[in-house]
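Examining the three-dimensional arrangement
Now for the letters of each chain:
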Amino acid sequence: MKNRQRISWKKRAILFLISQCITLFGSTLVQMALVWYATMQTSSGAWVASFTICSYLPQFFISFLGGIWADRYNRKILIASADSLIAFVTLLMIFAIPLISSNTALLSSLLVMSAIRSLGAGIQTPAVQAVIPQLVPKGQLMRYNGIYATMQSIVNFAAPAAAGAVFSISTLPATLMIDVVTALLGTGLLSFLVLPKQNPIAQKDSLCSDIKTSVKYVFADKPIGVLLIVYGLFTFFCVPAGYLAGLLVRRTFGDTYWCLTAVELAGFAGMMAGGL
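This report concerns the structure included in the present document. This structure is a prediction, so every number in the text was calculated from the model and none was measured.

1. Quick look at the overall build of the protein
A tally of helices and strands in the protein yields 9 helices and 0 strands. Relative to a compact globule of 276 residues, whose C-alpha radius of gyration would be 19 Å, the protein shows 20 Å and is just as compact. Referenced to the eigenvectors of the C-alpha coordinate spread, the extents of the protein come out at roughly 60 × 40 × 40 Å. Sorting the 276 residues of the protein into buried and exposed places 37% on the buried side. Here the protein has roughly 15,300 Å² of accessible surface; of this, 70% comes from carbon and sulfur atoms. Treating the 19 positive side-chain charges of the protein as one cloud and the 8 negative ones as another, the clouds have centres 13 Å apart.

2. Describing helix α3 (residues 75-96)
A rise of 1.5 Å per residue sets the reference length of α3, with its 22 residues, at 32 Å; its end C-alpha atoms lie 32 Å apart and thus fit the reference within 8%. Looking at α3, one finds that the buried residues are Arg 75, Leu 78, Ile 79, Ala 82, Asp 83, Ile 86, Ala 87, Val 89, Thr 90, Met 93 and Ile 94. Across the axial projection of α3, the buried residues extend over an arc of 160 degrees, all falling on one side. Turned more than 90 degrees away from the buried face of α3, the exposed residues are Ile 77 and Phe 95.

Here is what the cut-offs are and how they apply
- Residues numbered from 1 in each chain as written.
- Predicted model: local features only at pLDDT ≥ 70, side-chain atom pairs only at ≥ 80, totals over all residues.
- Heavy atoms only, no water.
- Helix = DSSP H or I, 4+ residues; strand = E, 2+ residues; numbered from the N terminus.
- Rg over C-alpha atoms; globule rule 2.2 N^0.38 Å.
- Buried < 20%, exposed > 50% of the residue type's maximum accessible area, 1.4 Å probe, protein only.
- Areas by Shrake-Rupley, 256 points an atom, 1.4 Å probe, with all protein chains shown as cover.
- Lys, Arg positive; Asp, Glu negative; His and termini not counted.
- Charge placed at Lys NZ, Arg CZ, Asp CG, Glu CD.
- Expected span 1.5 Å × (residues − 1).
- Arc of directions from axis to C-beta.

In structure tokens form, the structure reads like this:
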């Protein structure tokens, strides 16, 4: 009986990680393709910065609420709803592209889509991270977090190569459709997964109060607080260089996606080497 239970949670954990890596692959590919599209079409630092901000800033702000919602509400529904929202907005954009004649209007529409997609990711990511401890026994938690991190690294390494290949032989709508397909696959796998019973936190305090309590809790431990500040500053100063590298390639070597792909692959290879 114990062996059956062990196999059961292992199967559920692996199925969950696979479903999320499938959706992550499509989302990463499309998010990168959008920044590349702006880079190639405009060669403008302002547009590249706008796409980068719209891709990540909404996710940053809503993730505070996303973490609280993951404790209060059904995590499976949150993940599926956020993934469906991202896919729905992307599908609407695919149908709208042929109707948009102005390049500026198209780029502006893609910016709005990126911001909405980022909001969905900010809800989905905390829920995904909260499900892993729900599925995995405490003794195996570090191991399965490591497995998930490794799978994320592989996806992040593969997505730029796939984006470069798809963009070189296909169109923007076809590239966007990849995210819709991967969202359907990932959500479909998740629908077959039965999660262990979740014990939601009672809604005694307001959302703002919960956010303040969480921040105070984190910074109550000085070493952890300092570590988070250093990590935040490191990310703040390093990330722009990664995105502006694509702009440098566009201005120096011309409009070829293979050069952008090579730069991104080199960057993710360095991240994987550092992780090891």
